[in-house]
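Residues per chain, in single letters:
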Amino acid sequence: MADLPLRPELAGQEPYGAPQLDVPHRLNVNENPYPPSPGLLAAIGRAAADPGLNRYPDREATALRTDLAAYLGHGLGPENVWAANGSNEVMTHLLQAFGGPGRTVLTFAPSYSMYPEYARNTYTRYLTAPRRPDFTVDADLVRAAVAEHHPDVLLLTSPNNPTGTSVSLDVVRLACEVAPGMVVVDEAYQEFARSGTPSALSLLAEHPRLVVTRTMSKAFAFAGGRLGYLAAAPAVVDACRIVRLPYHLSAVTQAVARVALAHAPELLSQVDALRRERDLLVDWLRDRGLAVADTDANFVLFGRFADRSAVWRGLLERGVLIRETGPDGWLRVSAGTPTEMAAFRTALVQVAEEMA
Ligand code: PMP
């Protein structure tokens, strides 16, 4: 690439992505480990067999957005919902519409490692303010960061990746009151939240500049289907419609996602089991004297290790792939099946003994 007239800010950059390795236990990208049932696969096959491939798909994806609105509840309709190829693309649409040259997006670090890339790709300036030492974001932090940076887009992640920390509704409410621009709450992991951790969807009716993003990649066990979406006031959806590529959601994606939504109870049926594995893992790690962030997601951030890369490699050598991400010294592991969690625990004990 060095010989190409590349945009200067892309020089030396690597494509984003966690390693995709063929190992027995893949606990690195927060997927739902339970595959669809044969019955659901058959229904998906039927829907994908004839979605009308000789014609362009419905540009507005109205039927799918209607189904997504019904899934979300809160009195939302298709006019409140926008959908795209993963919440990655939804977030890119938001920054194309509300960020851009001369504008800023502000998040609280550490957070999702793709955010700076969405910002770069949309020419939006990326700013961060630090979280508290326990990775929480409180009202004082929001107030101070907004006063300092006046962001065009304030991005709150709840539960946050890679820490698992939730943001309370009071803090989201305050953000909507003090932020001068859009407030986006990324709820990619909301279905895994512990009981009593409410969704920002309940605030949409009062706040026309609030956007809640969701995905079918995590709890919904549909990462391979690539379907993310948002809920907001109809005007926000209209703004996304302006910047999207025409026919951005293929006929196959729309048809298959609708079948998945029709089987929501089945696809979400393992969420409780994954929450249970997560909580057991948190207790186990803490019993071993490790630091663990409070988590409402389907993953656990734990540490601190003098050499986290060595721990990551030691686990990989034992067939367990986790993620080297987050602040220095910490590692992130996704909640998996009981078998996967047992493999992780066994491997971590062995690695700790080897390094002692
Ligand atoms: N937001 C957060 C916080 C995430 O962790 C992820 C996936 N790792 C996404 C958004 C994007 O997910 P997808 O594009 O698969 O919907």
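The protein goes by Histidinol-phosphate aminotransferase in an unreviewed UniProt entry, where it is assigned to Desertihabitans brevis. Entered under Catalytic activity (unreviewed entry) in the UniProt record, the comment concerning the protein runs "L-histidinol phosphate + 2-oxoglutarate = 3-(imidazol-4-yl)-2-oxopropyl phosphate + L-glutamate".

(A) Quick peek at the overall build of the protein. Of regular secondary structure, the protein possesses 12 helices and 12 strands. Its C-alpha atoms give the protein a radius of gyration of 20 Å, within 12% of the compact-globule value 21 Å for 356 residues. Seen through its principal axes, the protein has C-alpha atoms that stretch 60 × 55 × 55 Å. Counting only residues that meet the buried cut, the protein has 44% of its 356 residues in that class. Partitioning the contacts of the protein with sequence separation of at least 6, the portion at a separation of at least 24 is 73%.

(B) Focus on the domain arrangement of the protein. For the protein, the assigned domains are domain 1 (20–36 + 269–355) and domain 2 (38–262). The C-alpha centroid of domain 2 is placed 26 Å from the C-alpha centroid of domain 1. Contacts between domain 1 and domain 2 engage 21 residues on the former and 22 residues on the latter. Residue assignment for the side of domain 1 that touches domain 2 shows that the elements contributing at least two residues are helix H10 (271–287) and strand S10 (299–303).

(C) Inspection of the sheet that holds strand S12 (residues 331–334) at higher detail. Overall, antiparallel pairing links the three strands, which are arranged S9-S10-S12 in an open sheet. The open sheet has two free edges, formed respectively by strand S9 (291–292) and S12, since each of these has just one partner strand. Summarising the sheet, S9 and S10 pair through two bridges and their orientation is antiparallel. Paired with Ala-291 across the strands is Gly-303, a residue of S10. Strand contacts of H10: S9 and S10, with the helix running at about 10° to S10, the strand carrying the most contacts.

Cut-offs and rules
Residues numbered from 1 in each chain as written. Predicted model: local features only at pLDDT ≥ 70, side-chain atom pairs only at ≥ 80, totals over all residues. UniProt positions renumbered as here; feature names shortened; annotations may be inferred. Helix = DSSP H or I, 4+ residues; strand = E, 2+ residues; numbered from the N terminus. Rg over C-alpha atoms; globule rule 2.2 N^0.38 Å. Buried ≥ 20, exposed ≤ 12 C-beta atoms within 10 Å, placed from the backbone. Contact = placed C-beta atoms within 7 Å. Domains from an automatic or database assignment. Pairing = 2+ DSSP bridges. Axes fitted to C-alpha atoms, helices over the stretch in contact; angles between N-to-C directions.

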